[in-house]
There are 2 protein chains.
Amino acid sequence: MAVHIQGTRTFKFSLPPRILACSSVVGPKEGKGPLASYFDVSIPDDMYGEQTPEKAERKYLLDACNIAMGKAGAKPEDVNFYIAGDLLNQIIAASFTGVKLGIPYLGIYGACSTAAEGLIIAAVLVDGGFADKVLAATSSHYQTAERQYRYPIELNIKRKPTNQYTATAAGAALVHGGPQGIRITYATVGKVVDMGVSDANNMGAAMAPAAADTLYAHFTDTGRRPEDYDLIVTGDLSRVGKVLLQDLMEHRGVPMGNNYDDCGILLYGDDPSVAAGGSGCGCSAAVTYGYIVRLMTEGKLKRVVMCATGALLSPLSTQQGENIPCVAHCVSLEV
Amino acid sequence: MAVHIQGTRTFKFSLPPRILACSSVVGPKEGKGPLASYFDVSIPDDMYGEQTPEKAERKYLLDACNIAMGKAGAKPEDVNFYIAGDLLNQIIAASFTGVKLGIPYLGIYGACSTAAEGLIIAAVLVDGGFADKVLAATSSHYQTAERQYRYPIELNIKRKPTNQYTATAAGAALVHGGPQGIRITYATVGKVVDMGVSDANNMGAAMAPAAADTLYAHFTDTGRRPEDYDLIVTGDLSRVGKVLLQDLMEHRGVPMGNNYDDCGILLYGDDPSVAAGGSGCGCSAAVTYGYIVRLMTEGKLKRVVMCATGALLSPLSTQQGENIPCVAHCVSLEV
């Protein structure tokens, strides 16, 4: 039975739901990065043989779902619910993939925090006795996101140093109540934070305060400290936001220490073409379900907190001169 | 403790969460319709004094949240979670309202099914012991939706008879585990259904099969029949979809009977300017939290099932020649 830590926004899962299986499917650029060997599949073609990048993104997402279920020997009819979202207007990657899967569906939107939001709702459904198996999935695609949020890539606009590069990647996790897999022990739900940043070319700066807010709440609510985790990852503040988060947490008396890293940096390493680092729903999903879960399975990491960060702007809100509200959700994973 | 009816997509809430308080805030057109006297507030100005309809929509939504909390004597800090979504790209109405509320936030997207999706997740959080009070809210606005999905209203495009009219309305429900209020007894989660309809001017036809799929599952899973309910409402199939749903259910051996109606028809009555009827996330929310809950509170209805229906298209998916996948979620409400 779940416990909501009284008066907080943190769940403690007493009989922790577990990640029975998970998957990561990435594009060609991601498949040449430093984490290449950790992903299940790297598709050499951005377009995955499709005529539009939106259709390609769906294939990445569907593959991720099928691989996660396949590893667990599960079929769609064995899965009670499919929780998914993505960056596209009306989350069409998630919803159209829902047609193919035929699994009862709850659509979510948290921008790049979607991987954590989905995992939290999946864990709640399993821990609360509402489901046996829940699939939480998300995706992003460089081309679909660039043309929706910024410019068609054909324009070849020069990137600013604070820009992040939307990952072409999808990830899925099959959460269950059985005894196998990585445990989901705690989760902290984020508040929407607006600290006045309005530069849509600097998402890291916009998202860092939301990450600080959620991580601070997580440490306070659980009584844990950063040093209690082998790895703390944000996903995805990248280089600009990472430093800001470290500063913000230092000022709050909770220095992040040496075990802190960011999915947007881990995914691409020092590749200068991505500017500040990676972003997109698929970034934290692929890094978590590919790299981190592998290290945990191999015993190299025992306790990890993944804090996925989302910038909740739309191109319209930016055009209307609005700030960028952000949210971050975090999930503790333990062997 | 919740019960997931084994092998189904229906939840049975054994100690049912309840709607402690709820609210409906509507625009000038809705405030002149047949349900006018049931809404908490009717704002005489579509724009609610703002420069853009997007900012106006947020004010409708924020008012709905504040009114629901106010009726219960609750402040934002008394509410554990805020579950919300809307029709706008990146659900900016819900997210930007989250900044003002400061309540931990889970963003959802189910198009016009959002009212039911939010109520389901709220009920799950309360029933599973994850929260004491959860606010589920949604909104839509005629001007924001028309210019995003179809044409700027300044063009004055002639409506087709199958068109629906997006309601300017917001609704919120404060769900809790205490002994007061309307009980949420069952919920059935929808699958994404694509029956090949691709006409974005005929959402009712696209959504009817999803409503039939979910309602049929609901009746099968619960062992109930349409005649067990004093009222079955879909929200919002309107005139075209309502007849299709009746046909589809008749063919499945579960005729909908005389207690069936649709929120999109109830909201505007015979007003010819809305063509087939109303739509939008705010339509089913305002009709449910204004009209239906009032009738239940007055003892005129005892058992209602609300099946909110959503068309999961984006303008881009339509331009790319895709069909319109749809989903419907339903919730049983009992005195």
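Residues numbered from 1 in each chain as written. Chains lettered and ligands numbered in written order. Predicted model: local features only at pLDDT ≥ 70, side-chain atom pairs only at ≥ 80, totals over all residues. Heavy atoms only, no water.

**Q** Explain the pairing of strand β15 (residues 326-334) of chain A to me, using residue names and the numbers behind them.
**A** All names here are of chain A. Counted residue by residue, β15 has nine buried out of nine residues, so it is predominantly covered. Pairing analysis gives nine bridges linking strand β14 (residues 303-311) to β15, with the strands arranged antiparallel. Across the sheet, the residue bridging to Val-305 is Ser-332, located in β15. (Buried < 20%, exposed > 50% of the residue type's maximum accessible area, 1.4 Å probe, protein only. Helix = DSSP H or I, 4+ residues; strand = E, 2+ residues; numbered from the N terminus. Pairing = 2+ DSSP bridges.)

**Q** So, the relation of the copies chain B and chain A: which residues are in play, and what are the values?
**A** Turning chain B through 180° and shifting it by 0.0 Å along the axis lays it on chain A, with an RMSD of 0.0 Å. Look at the turn and shift together and you get a two-fold axis relating the two. (Least-squares fit on C-alpha atoms with pLDDT ≥ 70 in both.)

**Q** Explain unusual backbone geometry to me, and be specific about the residues and the numbers.
**A** In this structure, the amide linkage connecting Gly-235 of chain A to the following residue, Asp-236 of chain A, adopts the cis form with an omega of 20°. Counting through the fold element by element, Asp-236 of chain A comes out in the loop between β11 (231-235) and α6 (238-251). Despite not being glycine, Asn-156 of chain B has its phi angle at roughly 55°, a positive value. Residue Asn-156 of chain B is classed as exposed on the basis of its relative accessible area of 66%.

**Q** Lay out the interface of chain B and chain A with the relevant residues and their values.
**A** Every contact between the two is made by 62 residues of chain B and, on the other side, 62 residues of chain A. Summing both partners gives a buried area of about 4,900 Å² for chain B against chain A, and 66% of it is carried by carbon and sulfur. Lys-55 of chain A is the salt-bridge partner of Glu-322 of chain B, the closest N and O atoms lying 3.8 Å from each other. Between chain B and chain A we count 14 residue pairs in polar contact (both at pLDDT 80 or more) in total. Going through the elements one at a time, β1 (2-4), β2 (10-13), α1 (53-71), α2 (92-101), β6 (105-107), α3 (114-127), α4 (142-149) and α9 (315-319) of chain B are the ones with two or more residues in the side of chain B that touches chain A. (Contact = heavy atoms within 4.5 Å. Buried area = accessible area lost by both parts, 1.4 Å probe. Salt bridge = Lys/Arg side-chain N within 4 Å of Asp/Glu carboxyl O. Polar contact = N/O pair within 3.5 Å; in protein donor to acceptor, adjacent residues only side chain to side chain.)

**Q** Describe in detail the pattern of salt bridges, supporting the description with residues and values.
**A** Residue and element names in this part refer to chain B. With the rule as written, the count across this model stands at 28 salt bridges over all chains. Glu-334 is the salt-bridge partner of Arg-224, the closest N and O atoms lying 2.8 Å from each other. On the criterion of sequence distance, the pair formed by Arg-224 in the loop between α5 (203-222) and β11 (231-235) and Glu-334 in strand β15 (residues 326-334) is long-range, its members being 110 residues apart. Across this residue pair, the class does not change: Arg-224 and Glu-334 are buried.

**Q** So what about the packing of helix α5 (residues 203-222) of chain A against α6 of chain A? Which residues, and what values?
**A** All names here are of chain A. It is the contact of α5 with α6, at a shortest axis distance of 8 Å, that shows an interaxial angle of 40°. By the criterion of interaxial angle, the relationship of α5 to α6 is oblique. α6 is crossed by α5, and the crossing has right-handed handedness. Here Gly-204, Ala-205, Ala-208, Pro-209, Ala-211, Ala-212, Leu-215, Tyr-216 and Phe-219 of α5 lie close against α6, whose contacting residues are Val-240, Gly-241, Leu-244, Leu-245, Leu-248 and Met-249. (Axes fitted to C-alpha atoms, helices over the stretch in contact; angles between N-to-C directions. Parallel < 35°, antiparallel > 145°, perpendicular 65-115°, else oblique. Left-handed = near helix turned anticlockwise from the far one by under 90°.)

**Q** Would you mind going over the packing of α1 of chain B against α4 of chain B in detail, with residue names and values included?
**A** Residue and element names in this part refer to chain B. As a packed pair, α1 and α4 sit with axes 8 Å apart at the nearest point and diverge in direction by 135°. The orientation of α1 with respect to α4, classified from their angle, is oblique. Seen from above, α1 lies across α4 with left-handed handedness. Facing α1, whose interface residues are Pro-53, Glu-54 and Glu-57, α4 presents Gln-143, Thr-144 and Arg-147. When the residues that make up the contact of α1 with α4 are grouped by side-chain class, the tally is one nonpolar, two polar and three charged. (Nonpolar A, V, L, I, M, F, W, Y, C, P; charged D, E, K, R; others polar.)

**Q** How would you summarise the environment of Ile-92 of chain A if you had to cite specific residues and measurements?
**A** In this structure, Ile-92 of chain A sits in helix α2 (residues 92-101). According to the relative accessible area criterion, Ile-92 of chain A is buried, its value standing at 1%. For the pair Ile-92 of chain A and Thr-214 of chain A, spaced 122 residues apart in the sequence, the C-alpha separation amounts to 28 Å. The contacts of Ile-92 of chain A, once residues within four sequence positions are left out, are Glu-54, Arg-58, Asp-86 and Thr-97 of chain A together with Leu-312, Leu-313, Ser-314 and Ser-317 of chain B.

None of this, on its own, says anything about what the molecule does.
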